[in-house]
Amino acid sequence: MNGKRIGITIAKIGGGALLLLAVVLGIRRFCIESLRISTNAMEQAILSGDYVLVNKLPTEANPGRNRVILFKSPLRRDSVAAPLFVSRLIGMPGDTVTVEENLFLINGKQLPKAPTTMATYFVSKELEGIIRSLANKLAIPLREWKSETFGFTFTITTLEEYKLREELPDGANKHFVQEPAEEYSIIVPKKGIAYRINETSLKACREILLHETNGKAVFRDNKLFLDGRETNFFYFKHDYYWVLSDHAKYAVDSRHLGFIPDNLILGNVWFCWKSNDPERMFKTID
């Protein structure tokens, strides 16, 4: 009799544990997941070593414009064990993304840079002393300081640039410039909408065209061929997104991976719950 009772108790405990495990796995798979960041691509928004929560709930705002997102690599060679990346989502399906004179334009409107966005700047030699003095006064680290022929280059955030320029004497700003970025304009593919194929779009869409045609797409002389015929338009089966990291030097984003399909985006990186920097703990991520 006791043996039966013990057996029943163990069975109940085992069933409860399995139910709890199923609930935990379900939450992790579909709702919220914790992970440790191991890249500096989103410095200072997220630091390498930070533990964050990712919001996976399928809401209209997830993924969200200008939010930091977690996604899998879309490259076919990474399909067996696709690595995870974090980056900032700037282009939604159907958007026109333009990079012009270090400005990002979405559908013709300038996208405000996040205060944590990193960029490389050049200063002439005559400004070295002033820049170093101001950086010391404002507690701004001049990252990756490097001597060039006519001056110096270094990396700072958008907010740090603003603080330095506010303190510079009149006329000095012309000797303090951002390194130029590659200029381009491209439309982000939207599911079921005719997408024009040209030389520019073909460069960004090469991987996703191969994926959506099961490798049947052929590229020749900057043109797309399907079933042996040149194709000027394509109807995509997925919505796609364009992502850019805040720190270009460490970035693995759409400049390297191309467009990111909706089925490879896991969600918005939402909350930092553990960090080597105590001031970052228990804060939402912008």
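Residues numbered from 1 in each chain as written. Predicted model: local features only at pLDDT ≥ 70, side-chain atom pairs only at ≥ 80, totals over all residues. Heavy atoms only, no water.

Colleague: Tell me about the sheet that holds strand β11 (residues 176-178), and please be specific about residues and values.
Modeller: Across the sheet, four strands lie side by side as β9-β10-β8-β11; this open sheet has antiparallel pairing. Whereas interior strands pair on both sides, the edge strands pair on one side only; in this sheet they are β9 (143-147) and β11. Strand after strand, the sheet turns through a mean of 25 degrees between neighbouring axes, direction not considered. Of the pairings in the sheet, the one linking β9 to strand β10 (residues 151-157) comprises three bridges and is antiparallel in character. What sits directly across from R143, in β10, is T155. Here helix α2 (residues 128-137) sits on the sheet and contacts β8 (118-124), β9 and β10; the angle it forms with β9, its principal contact strand, is near 165 degrees. Packing against the sheet, helix α3 (residues 158-167) makes contact with β8, β9, β10 and β11, and its axis sits at approximately 120 degrees to β10. (Pairing = 2+ DSSP bridges. Helix = DSSP H or I, 4+ residues; strand = E, 2+ residues; numbered from the N terminus. Axes fitted to C-alpha atoms, helices over the stretch in contact; angles between N-to-C directions. Contact = heavy atoms within 4.5 Å.)

Colleague: Lay out the nonpolar core with the relevant residues and their values.
Modeller: Among the nonpolar cores identified, the biggest contains 24 residues, and L209, L224, F236, W242 and F259 are the most heavily contacted of them. Broken down by secondary-structure element, the contributors of at least two residues to this core are α4 (199-212), β15 (223-226) and β18 (240-244). In terms of residue count, α4 provides more of this core than any other element does, six residues in total. Setting aside residues no more than four positions away along its own chain, L224 makes contact with I197, L202, L209, A217, V218, F219, R229, E230 and T231. In this structure, A119, L134, A135 and L164 belong to the second largest nonpolar core, which totals 16 residues. (Core = buried A, V, L, I, M, F, W, Y, C linked by side-chain atoms within 4.5 Å. Buried < 20%, exposed > 50% of the residue type's maximum accessible area, 1.4 Å probe, protein only.)

Colleague: Please set out the sheet that holds strand β5 (residues 96-100) residue by residue, giving values where relevant.
Modeller: Judged by pairing direction, the sheet is antiparallel, and its four strands sit side by side in the order β7-β6-β5-β12 without closing on themselves. Of all strands in the sheet, those with a lone pairing partner are β7 (109-110) and β12 (184-187), marking the two edges.

Colleague: Mind laying out the layout of surface pockets, listing which residues take part and the relevant values?
Modeller: The gaps of empty space that remain are located by a probe, the size of a water molecule, rolled over the atoms. Its volume calculated, the largest pocket comes out at about 990 Å³. Elements supplying a minimum of two residues to the lining of the largest pocket: β4 (84-91), β8, β12, α4, β18 and α5 (254-257). Among the elements that make up the lining of the largest pocket, the one with the highest residue count is α4 (six residues). Partitioning the lining of the largest pocket into residue classes produces 19 nonpolar, 13 polar and eleven charged. (1 Å grid on protein atoms, 1.4 Å probe; cavity = no way out; pocket = protein on both sides within 12 Å on 5 of 7 lines; lining within 4 Å. Points joined across faces, edges and corners; volume = space filled by probe spheres on them. Nonpolar A, V, L, I, M, F, W, Y, C, P; charged D, E, K, R; others polar.)

Colleague: Can you break down the environment of P115 residue by residue, with the values?
Modeller: Note on placement: P115 falls in the loop between β7 and β8. Sequence separation of P115 and T157 is 42 residues, and the distance between their C-alpha atoms is 6.5 Å. Among residues more than four places away in sequence, those in contact with P115 are T157, T158 and L159.

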